Amino acid sequence: MVRPKQKLTKTIKKPKATWVEPKFYADIEYRDTTSEGLLRASSFKGLSKGTRRF
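Bear in mind that the values here come from a model prediction, so they are computed numbers and not experimental data.

Chemist: Hey, could you run me through the overall build of the protein in this one?
Modeler: Counting its regular elements, the protein contains zero helices and six strands. Counting helices and strands in the order they occur from the N terminus, the protein gives β-β-β-β-β-β. Per-residue burial over the protein gives 7% buried out of 54 residues. In the protein, of all internal contacts separated by at least 6 residues, the share reaching a separation of at least 24 is 18%. Looking at the protein as shown, the accessible area adds up to about 5,600 Å², and 54% of this sits on carbon and sulfur atoms.

Written out as structure tokens, the structure reads:
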């Protein structure tokens, strides 16, 4: 499903980007975040279909 605009907190400078609704969500584990907000020691655990889990 195409989305009319982005839902991110930081603007991305991609003028020709197409925003879509995800059908799958990645399950990720991580130990910490950096001062820039990036994940530290992250690992992919699998895909789930449906809704987001926090």
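Chemist: I would appreciate a short explanation of the pattern of salt bridges in the present structure.
Modeler: Per the counting criterion, the structure on display carries two salt bridges. The salt bridge involving lysine 45 is made with glutamate 29; its shortest N-O contact spans 3.9 Å. Here lysine 45 is found in strand β6 (residues 43-49), whereas its partner glutamate 29 is found in strand β3 (residues 24-29), with 16 residues between them in sequence. Notably, a salt bridge pairs aspartate 32 with arginine 40, separated by 3.9 Å at the nearest N-O pair. Residue classification places aspartate 32 among the partly exposed positions, given a relative accessible area of 38%. In this structure arginine 40 comes out as partly exposed when scored by relative accessible area, which is 43%.

Chemist: Whenever I open this one, a nonpolar patch on the surface confuses me. Can you help?
Modeler: The grouping of Phe24, Ile28, Tyr30, Leu39, Phe44 and Leu47 at the surface amounts to a nonpolar patch, some 650 Å² of accessible area in total. Mapped by element, the contributors of at least two residues to the nonpolar patch are β3 and β6. Given the relative accessible area of 59%, leucine 47 is considered exposed.

Chemist: Got a minute to help me understand the environment of lysine 45 in this structure?
Modeler: For lysine 45 and isoleucine 28, which are 17 residues apart along the polypeptide, the C-alpha to C-alpha distance reads 5.5 Å. The contact partners of lysine 45, leaving out residues within four places of it in the chain, are Asp27 and Glu29.

Chemist: What am I meant to see in unusual backbone geometry here?
Modeler: With the exception of glycine, most residues fall at negative phi, and the peptide bonds are largely trans. The phi dihedral of alanine 41 falls on the positive side, at around 55°, and the residue is not glycine. By the element assignment, alanine 41 lies in the loop between β5 (39-40) and β6. Residue classification places alanine 41 among the partly exposed residues on the basis of a relative accessible area of 47%.

Calculation notes
- Residues numbered from 1 in each chain as written.
- Predicted model: local features only at pLDDT ≥ 70, side-chain atom pairs only at ≥ 80, totals over all residues.
- Heavy atoms only, no water.
- Helix = DSSP H or I, 4+ residues; strand = E, 2+ residues; numbered from the N terminus.
- Buried < 20%, exposed > 50% of the residue type's maximum accessible area, 1.4 Å probe, protein only.
- Contact = heavy atoms within 4.5 Å.
- Areas by Shrake-Rupley, 256 points an atom, 1.4 Å probe, with all protein chains shown as cover.
- Salt bridge = Lys/Arg side-chain N within 4 Å of Asp/Glu carboxyl O.
- Patch = residues over 30% accessible without salt bridge, like charges linked within 9 Å, V, L, I, M, F, W, Y side chains within 5 Å.

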